[in-house]
Amino acid sequence: MAEHQPGDDRVMFSALLEDSAEDLYEHAPCGYLSTTLDGLIAKINTTLLGWLGFTNGDLVGRRKFSDLLTVGGRLYHETHFAPLLRMQGEISGIALELRTADGSRLPVLVSSVVRTGPGGEPLLIRTTVFDARDRRAYETELLRARQESDRERERLKRLNATLQRTLLPPTLADVPGLDVAAHYHVASTDEVGGDFYDLFPLSSGTWGFFLGDVCGKGASAAAVTSLARYTLRAAAVYDPDPAAVLTNLNTVLNHEYHGEDPRFCTVIFGLLTPDSDERGFRVSLASGGHPPALLLRADGQADHLPTPGGQLIGVLSDAHISTTTVRLGPGDTLLLYTDGLTEAHSVSAGRRYGDEALLKFARELAPTTARGAVKAIRDLLDTFGTGVDDDTAVLALHVPRSRS
């Protein structure tokens, strides 16, 4: 490669000094035109003529600037551009479209300034025109990409909603002598949540139910949710003892998701057995790291059902399962929920909602029905608005009072 010589700089600098003002005007990288105050073109540079495909004789003294605009641009010029220019004396960066000699459209950015005389009287209008074809193409492509992204997001939302529905039972089993209600609150339509629940019949007049929460979101969480639901149902048929059911699930998850990508969940599994007098149910519960269920009594009292020490399902090969037993009598309601409820951010309190606030809420609510409990929780979630960061599942079981 030839070595750069100091003399080259002098030659280039001399060439720059030889540029005439007329040449700089005519061949500037932007368009220039001057018009009278009523818009009649008095002067236009070669650059703009080249863009438009006109000759100097076609426009100077014959056409107004507004004649070069499209119909929409002409309307905007008359109602906005020209009035603002008269009031302010200048206007900058206005997007318009010019009509070329062959009838095509040229997107441009226009800036105009009113030149005044010594006494401040307006004399003429000087306008600068920048070719905006590349910018328009970029904006069009950006808009197309944004629209495609919006369509893709809508498709993803529909897919997520469909997938979410497949992870929840279409209906809950009809248990004689028991009212049941459930609700699934979606925190975000962009990702599938990992909460799940079910109520289903077992042999010998018993029923199984469960509610759980898989760690994480998205397709991976959905896969674990599906595996957990079907494993729980299958394990309950084999051995309905709640602790045995969760032990089976723990073995499956620990075996399937060990190593670099561990997956786990929290679960409460329960077994419903009708009392001999058929006026209530004996409920056996097993918990694997899940928030304790709430028991809302017919006499208006409410408290957590203690299941301390239960460990997350799927983390350890021999997880400890916590169990408890309770009788559900007429007027009593058992409420199960996932931690999306207690971890929701309460604006009024300025912190997470928490277990104690939920217990207070339950004590004010008791006694209630299954539908009443679920409706109250739905209303509570609505008060949090965007403060609900995680999906929330709620399952309520209620023994109606005897009718006389």
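For the structure given in this document, a descriptive report is provided here. Note that this is a predicted model, so its numbers are computed, not measured. (Residues numbered from 1 in each chain as written. Predicted model: local features only at pLDDT ≥ 70, side-chain atom pairs only at ≥ 80, totals over all residues. Heavy atoms only, no water.)

A look at the packing of helix α9 (residues 355-365) against helix α10 (residues 370-384)
So, point 1. Following both chains from N to C, one finds α9 and α10 inclined at 135°, their axes separated by 11 Å at the closest point. Considered as vectors, α9 and α10 are oriented oblique to each other. Read as a crossing pair, α9 and α10 show a hand that is right-handed. Of the residues in α10, those in contact with L358, F361 and L365 of α9 are A373, A376, I377 and L380.
So, point 2. Looking at the contact of α9 with α10 residue by residue, the class counts come to 7 nonpolar, no polar and no charged. (Axes fitted to C-alpha atoms, helices over the stretch in contact; angles between N-to-C directions. Helix = DSSP H or I, 4+ residues; strand = E, 2+ residues; numbered from the N terminus. Parallel < 35°, antiparallel > 145°, perpendicular 65-115°, else oblique. Left-handed = near helix turned anticlockwise from the far one by under 90°. Contact = heavy atoms within 4.5 Å. Nonpolar A, V, L, I, M, F, W, Y, C, P; charged D, E, K, R; others polar.)

Some thoughts on the sheet that holds strand β6 (residues 179-185)
So, point 1. The 5 strands lie next to each other as β6-β17-β14-β11-β12, forming an open sheet whose pairing is antiparallel. Whereas interior strands pair on both sides, the edge strands pair on one side only; in this sheet they are β6 and β12 (302-304). Strand-to-strand twist in this sheet, taken as the mean axis angle between neighbours without regard to direction, amounts to 15°.
So, point 2. Relative to strand β17 (residues 392-398), β6 runs antiparallel, the two being bridged by 7 bridges. Residue pairing for β17: Y184 is matched across the bridge by A393.
So, point 3. This element, α9, spans β11 (294-296), β12 and β14 (333-337) of the sheet and lies at about 150° to β12. (Pairing = 2+ DSSP bridges.)

Some points on the nonpolar core
So, point 1. Of all hydrophobic cores here, the largest spans 27 residues; its most connected members are L178, F209, L272, V283, L328, L334 and L397.
So, point 2. Elements represented by at least two residues in this core include exactly β6, β7 (195-201), β8 (207-214), β9 (265-274), β10 (281-288), β13 (322-328), β14 and β17.
So, point 3. Apart from the residues lying within four places of it in its own chain, the contact partners of L334 are F209, V283, A293, L294, L295, L305, L328, L395, A396 and L397.
So, point 4. In this structure, Y337, L359, A373 and F384 belong to the second largest nonpolar core, which totals 25 residues. (Core = buried A, V, L, I, M, F, W, Y, C linked by side-chain atoms within 4.5 Å. Buried < 20%, exposed > 50% of the residue type's maximum accessible area, 1.4 Å probe, protein only.)

A short note on helix α5 (residues 71-88)
So, point 1. Its 18 residues place the ends of α5 24 Å apart at the C-alpha level, agreeing with the 26 Å of an ideal helix rising 1.5 Å per residue.
So, point 2. Along α5, the largest kink reaches about 50° and is centred on H77.
So, point 3. For α5, every residue scored as buried is listed here: G73, H77, F81, A82 and L85.
So, point 4. Contacts made by the buried residues of α5 are with β3 (90-99), β4 (105-116) and β5 (122-131).
So, point 5. Looking one or two residues past α5, G89 carries a phi angle of roughly 85°, positive in sign. (Expected span 1.5 Å × (residues − 1). Bend = angle between axes of the 7 residues up to and from the residue.)

None of this, on its own, says anything about what the molecule does.
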